Amino acid sequence: MIELRNLTKDFDGFTAVDHLSLTVDTNEFFGLLGPNGAGKTTTISMISTVLLPTEGQVLIDGKPLTRAASAEKRKLSVITQEYSMRQDMTIDEVMEYQGRLYFMKRKDIRRKTDELLEFTGLADCRKRIVRHLSGGMKRKVMICRALMTDPEILLLDEPTAGMDALARRQMWNLLRQLHRANNLTIILTTHYIDEAQSLCNRVALLDSGKLDTVDTPQNLIEELGAFAVDEVTDDRVVSTYYRRRADAIAHLEGLGDDATLRNTTLEDVFVERVGKRLGN
């Protein structure tokens, strides 16, 4: 279990994360959502100890996480937004280098490399140079590298950034499989709200470094209203939400041909709760 207690990070008078408190259960797939500047990446950086909090603390299974807490840190692995790999290495060399960093035995490095590359469909590409891989393949290599030491917690900071729609869906399937097969606790940050709706058990909405709400995507959708009526005006689309389909249909029948009925999404929740405060 991961617990954030009053986690705060200040940068020269600017508060990026403001007394954030929440709990992520063991084996949960948890999402951190928010607009640019909401504090998502800063929160991930504090959980991974890349940044130290100005105030508050992170606990892993009840024990404070610090840079010196090697037992707790070994439970964590991080996949960042950037491709943080040597571009002149082969996939095999990337994996071997990672294993040696953690003093793994050579036979264990080979075994784990074979297992992970086979799982992610990269086994036939293991001799290819990283710079010659597609963006989606590079992301897969980063996941393999992160799982080399059998972490219990995987931190994913924008793991599908820059991918096309097909590659993103393939990555979603891979992350689902990894979550089930390895009993991982996963914390995901993403700008793709449909990604969080598809993958996460629960999500936290952040706004200006503060926690807005935590709940399951379905509960948040139902709270707003599971059915949306969109009416196109001269300069925008006006959405009205209803909990009962019959009420949505009754409203739709009184509108023109430019109105449509659809299911509400987590993106609607995001826009209503966070976007309107930003003036959207």
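Each chain has its residues counted from 1, running along the sequence as written. Given that this is a predicted model, residues contribute local features only at a pLDDT of at least 70 and side-chain atom pairs are listed and counted only at 80 or more, while totals for whole chains, interfaces and linings are drawn from all residues. Side-chain measures were taken over the full set of non-hydrogen atoms in the model, leaving aside hydrogen atoms and water.

Chemist: Mind showing me how you'd approach the packing of aromatic side chains here?
Modeler: Two rings belonging to Phe, Tyr or Trp (six-membered ring only in the last case) form a pair when the distance between their centres is within 6.5 Å. Interplanar angles under 30 degrees mark stacking, angles over 60 mark edge-to-face geometry, and anything in between is tilted. Under the definition given, this model contains zero aromatic pairs. When the NZ atom of lysine or the CZ atom of arginine is within 6 Å of a ring's centre and also within 35 degrees of its normal, the charge is said to sit over that ring. The aromatic ring of Y192 is capped on one face by R168, whose charged end is 3.8 Å from the ring centroid.

Chemist: What is the right way to look at the nonpolar core in this model?
Modeler: Note that soluble globular proteins tend to have their nonpolar side chains buried in a common cluster. By nonpolar core is meant a set of buried Ala, Val, Leu, Ile, Met, Phe, Trp, Tyr and Cys residues that side-chain atoms within 4.5 Å join together. When accessible area is computed with a 1.4 Å probe and restricted to protein chains, residues below 20% of their type maximum are described as buried, those above 50% as exposed, and intermediate ones as partly exposed. In terms of nonpolar packing, the biggest core is built from 48 residues, with I143, L154, L175 and L266 touching the most fellow members. An automatic or database domain assignment is the source of the domain bounds shown. Domain assignment of the residues forming this core places at least three in each of domain 1 (2–216) and domain 2 (220–279). Residues count as neighbours in contact if any of their non-hydrogen atoms are within 4.5 Å of one another. Residues within four places of L175 in sequence aside, it is in contact with F29, I143, L156, I186 and L199. In terms of nonpolar packing, the next biggest core, distinct from the first, is built from 22 residues, L20, L32, V58 and I153 among them.

Chemist: Honestly, helix α5 (residues 135–146) in this entry has me stumped. Any pointers?
Modeler: Note: α-helices contain 3.6 residues per turn, so residues at a spacing of three or four share the same orientation. Strands are runs of DSSP state E lasting at least two residues, helices are runs of H or I lasting at least four, and both sets are numbered from the N terminus onward. To estimate how far a helix should reach, multiply one less than its number of residues by 1.5 Å. In this model α5 runs 17 Å from its N-terminal to its C-terminal C-alpha over twelve residues, within 8% of the 16 Å that 1.5 Å per residue would give. Along α5, nine of the twelve residues are buried, which leaves the element largely enclosed by surrounding structure. Among the residues making up α5, those that are buried are M137, K138, R139, V141, M142, I143, C144, R145 and A146. If you follow the buried residues of α5, they end up packed against β6 (76–79), α3 (91–101), α4 (106–120), β7 (153–157) and α6 (165–182).

Chemist: Quick question: what am I supposed to make of the environment of T160 here?
Modeler: Its location among the elements puts T160 in the loop between β7 and α6. For the pair T160 and S77, spaced 83 residues apart in sequence, the C-alpha separation works out to 17 Å. In this structure the side chain of T160 is engaged in a polar contact, spanning 2.6 Å, whose partner is the side chain of E195. Here a polar contact is recorded for every N or O atom pair within 3.5 Å, except that within protein the pair must consist of a potential hydrogen donor and a potential acceptor, and residues adjacent in sequence are included only if both atoms are side-chain atoms.

Chemist: What is the right way to read the sheet that holds strand β13 (residues 259–263) from this model?
Modeler: Pairing between the strands of a sheet comes from backbone hydrogen bonds, and it takes one of two forms, parallel or antiparallel. Criterion used throughout: strands pair if DSSP finds at least two bridges between them. The strand order across the open sheet formed by three strands is β12-β11-β13, and the pairing between neighbours is antiparallel. Looking at strand neighbours, the two that pair on one side only are β12 (237–242) and β13, the edges of this open sheet. Pairs of neighbouring strands in the sheet enclose a mean axial angle of 25 degrees, with direction left out of account. The sheet contact formed by strand β11 (residues 227–232) and β13 spans five bridges and is antiparallel. Looking across to β13, one finds that D230 is bridged to T260. Axis definition: a line fitted to C-alpha atoms, over the contacting stretch in the case of helices. Angles run 0 to 180 degrees between N-to-C directions.

Chemist: What should I look at first to understand helix α8 (residues 217–224) in this one?
Modeler: All buried positions along α8 are accounted for by P217, L220 and I221. Summarising the axial view, the buried residues of α8 lie within an arc of 100 degrees, below the 170-degree limit, and thus occupy one face. On its buried side, α8 packs onto α7 (193–199), β9 (202–207), β10 (210–215) and α10 (266–273). The arc under discussion is defined with respect to the helix axis, by the directions toward the C-beta atoms.

Chemist: Hey, could you run me through the pairing of strand β2 (residues 14–24) in this one?
Modeler: Remember that side chains alternate between the two faces of the sheet whenever the strand is regular. Summarising the sheet, strand β1 (residues 2–11) and β2 pair through seven bridges and their orientation is antiparallel. Bridge pairing links D10 to T15 in β2. In this antiparallel pair of consecutive strands, β1 and β2, the connection spans two residues, and D12 shows a positive phi of 50 degrees.

Chemist: Where do I start with a nonpolar patch on the surface in this structure?
Modeler: Without a salt bridge and with relative accessible area above 30%, a residue can belong to a patch; like charges are then joined within 9 Å and nonpolar side chains (Val, Leu, Ile, Met, Phe, Trp, Tyr) within 5 Å. What sets the accessible areas is the Shrake-Rupley method with a 1.4 Å probe; for residues, cover comes only from the shown protein chains. Salt bridges, as used here, are contacts in which a Lys or Arg side-chain nitrogen is within 4 Å of a carboxyl oxygen on Asp or Glu. On the surface, Y97, L101 and Y102 cluster together to form a nonpolar patch covering roughly 300 Å² of accessible area. Tracing the backbone shows Y97 in helix α3. Its relative accessible area of 47% is what places Y97 among the partly exposed residues.

Chemist: What's the story with the sheet that holds β9 in this structure? I'm lost.
Modeler: Strand order in the open sheet formed by six strands is β6-β7-β8-β3-β9-β10, with mixed pairing between adjacent strands. At either end of the open sheet lies a strand with only one pairing partner, and these are β6 and β10. Averaged over all adjacent pairs, the angle separating strand axes in this sheet is 15 degrees, with direction ignored. Packed onto the sheet, α5 meets β6 and β7 and runs at close to 170 degrees relative to β6.

Chemist: How should the packing of α3 against α5 be read in this particular structure?
Modeler: How two helices pack is summed up by the angle between their axes together with the distance between the axes. Following both chains from N to C, one finds α3 and α5 inclined at 25 degrees, their axes separated by 9 Å at the closest point. The orientation of α3 relative to α5 falls into the category roughly parallel. The crossing of α3 and α5 is right-handed. Within the contact between the two elements, α3 uses I91, V94, M95 and Q98 and α5 uses V141, C144 and R145. Grouping the amino acids of the contact of α3 with α5 by side-chain chemistry returns five nonpolar, one polar and one charged. When describing relative orientation, an angle under 35 degrees is termed roughly parallel and one over 145 degrees roughly antiparallel, while 65 to 115 degrees is termed roughly perpendicular and anything else oblique. Left-handed describes a crossing whose near helix is turned anticlockwise from the far helix by less than a right angle; the clockwise case is right-handed. Under the scheme applied, nonpolar residues are Ala, Val, Leu, Ile, Met, Phe, Trp, Tyr, Cys and Pro; charged residues are Asp, Glu, Lys and Arg; polar residues are all the others, including Gly.

Chemist: Honestly, the packing of α5 against α6 in this entry has me stumped. Any pointers?
Modeler: At a closest axis distance of 11 Å, the pairing of α5 and α6 adopts a crossing angle of 15 degrees. One element, α5, and the other, α6, form an angle in the roughly parallel class. Read as a crossing pair, α5 and α6 show a hand that is right-handed. Residue-level inspection shows G136, R139, K140 and I143 of α5 in contact with α6, the latter providing M171, L174, L175 and L178.

Nothing here speaks to function; it is all geometry.
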